[in-house]
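# Survey of secondary and tertiary structure
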Amino acid sequence: MIRVIREQHEAPSAVARRLEIAGGRNRFGEANYRAVWGWSRLAWVGGKWEDRNAAGELLRECVELRRVPKYAPYDRWHIERWLPPESYGSPRDWYAHTIERVDGVSTPALGPYPERGEYEHSFTLQGPHGEFVQLTSTVAEYIARAIETGRGVSAAERREAIDERERRNDREYDDWAWDVLDSGCPAFHGLSFVTCA
C-alpha cells in the first residue's frame, strides 16, 4: 500500500482573527480571508489516475475524484479569499463546463458544485526570490487589507498606477546610468585618443 505523507500546518488563531478583522465575514459566518499551508489545502480533481509502485510500475488505472494539493509551492503559506457560489454560475452551468468523459465514465473535473462558495487563491507568502517567509498576524492583515483596498480601485486607476511605477523605474535607471557615466573616471580611462582625418 502506498502511503503519502504531507507536511501539514494550521494557521495560528491570531492570524485567523486578524484576517477576519481585515476582511469581515461571509453570509455563512465564516471569515472572508484565511491562510492555508500549501500541503494542507486540498481540492477535488476528477479524471483518469494512474497508481504506481515505488519502482514506477503501473498498478492500476481508474477514473475518479481525488483530493490533491491545490497550491504550489506546497511549503508556503497562501492567503485565500472566499467567493460566493453565484460567482461559479449555476449548478447546471458548473457541470456543463466541468464534466469530462474518460473511458465512458463522466466525472466532474473540478469536483462538486461549490454550494457554499469556495476559497480561492489570492496571495502566496514568499520573498522576492521565492524564499520562505514566516506567516505572522501583521503580515496576514496587511495582505488582506491590501487586497480589499485593491478591489475598490478601477481598472483605469490600476493601469495608471502600473504606468507610473514603470516611469519611476525608468527614471531611477536613467539616474543610475548617469551616475555611472559621471563617476569621475576620465574619458577613455585617461588614454590618449587620436583620430585619423
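Anyway, here's the lowdown on the structure attached to this text. All figures in this text were calculated on a predicted structure; none of them were measured in a lab.

### Some words on a negative patch on the surface
A cluster of acidic residues, Asp 170, Glu 172, Asp 174, Asp 175, Asp 179 and Asp 182, forms a negative patch on the protein surface. Tracing the chain through its elements places Asp 175 in helix H4 (residues 155-181). The class for Asp 175 is exposed, based on a relative accessible area of 51%.

### Points about a nonpolar patch on the surface
Where nonpolar side chains cluster on the molecular surface, the patch consists of Tyr 173, Trp 176 and Val 180 and spans about 350 Å² of accessible area. Take Trp 176: it is sitting in helix H4.

### What about the nonpolar core?
Counting residues in each nonpolar core, the largest one holds 14 residues, and the members touching the most others are Val 15, Leu 19, Tyr 33, Ala 35, Trp 77, Ile 79 and Leu 135. Per-element tally for this core: the top contributor is helix H3 (residues 137-151), with four residues.

### A few points about H3
Residue pairs three or four apart in sequence face the same way in an α-helix, which turns once every 3.6 residues. Between its terminal C-alpha atoms H3 stretches 21 Å, which fits the 21 Å expected from 15 residues at 1.5 Å a residue. Buried within H3 we find Ser 137, Ala 140, Glu 141, Ile 143, Ala 144 and Ile 147. The buried residues of H3 occupy one face: seen down the axis, they fall within an arc of 160°. Across from the buried face of H3, at angles greater than 90 degrees, the exposed residues are Tyr 142 and Thr 149.

### Re the packing of helix H1 (residues 13-23) against H3
The geometry of H1 relative to H3 is characterised by a closest axis approach of 8 Å and an angle of 20° between their N-to-C directions. By the angle between their axes, H1 is roughly parallel relative to H3. Relative to H3, H1 is oriented so that their crossing is right-handed. Within the contact between the two elements, H1 uses Ala 14, Val 15, Arg 18, Leu 19, Ile 21 and Ala 22 and H3 uses Ser 137, Thr 138, Ala 140, Glu 141, Ala 144, Arg 145 and Glu 148. Residue composition of the contact of H1 with H3, grouped by class: seven nonpolar, two polar and four charged.

### A look at the pattern of salt bridges
A full pass over the atoms with the stated rule returns 24 salt bridges. One salt bridge in this structure joins Arg 167 and Glu 160, with 2.8 Å as the shortest N-O distance. Between Arg 167 and Glu 164 there is a salt bridge; the shortest N-O distance is 3.0 Å. Of this pair, Arg 167 and Glu 164 both sit in helix H4, three residues apart, roughly one helical turn. Under the relative-accessibility criterion, Arg 167 is labelled partly exposed at 36%.

Thresholds, definitions, all that
- Residues numbered from 1 in each chain as written.
- Predicted model: local features only at pLDDT ≥ 70, side-chain atom pairs only at ≥ 80, totals over all residues.
- Heavy atoms only, no water.
- Patch = residues over 30% accessible without salt bridge, like charges linked within 9 Å, V, L, I, M, F, W, Y side chains within 5 Å.
- Areas by Shrake-Rupley, 256 points an atom, 1.4 Å probe, with all protein chains shown as cover.
- Salt bridge = Lys/Arg side-chain N within 4 Å of Asp/Glu carboxyl O.
- Lys, Arg positive; Asp, Glu negative; His and termini not counted.
- Charge placed at Lys NZ, Arg CZ, Asp CG, Glu CD.
- Helix = DSSP H or I, 4+ residues; strand = E, 2+ residues; numbered from the N terminus.
- Buried < 20%, exposed > 50% of the residue type's maximum accessible area, 1.4 Å probe, protein only.
- Core = buried A, V, L, I, M, F, W, Y, C linked by side-chain atoms within 4.5 Å.
- Expected span 1.5 Å × (residues − 1).
- Arc of directions from axis to C-beta.
- Axes fitted to C-alpha atoms, helices over the stretch in contact; angles between N-to-C directions.
- Parallel < 35°, antiparallel > 145°, perpendicular 65-115°, else oblique.
- Left-handed = near helix turned anticlockwise from the far one by under 90°.
- Contact = heavy atoms within 4.5 Å.
- Nonpolar A, V, L, I, M, F, W, Y, C, P; charged D, E, K, R; others polar.

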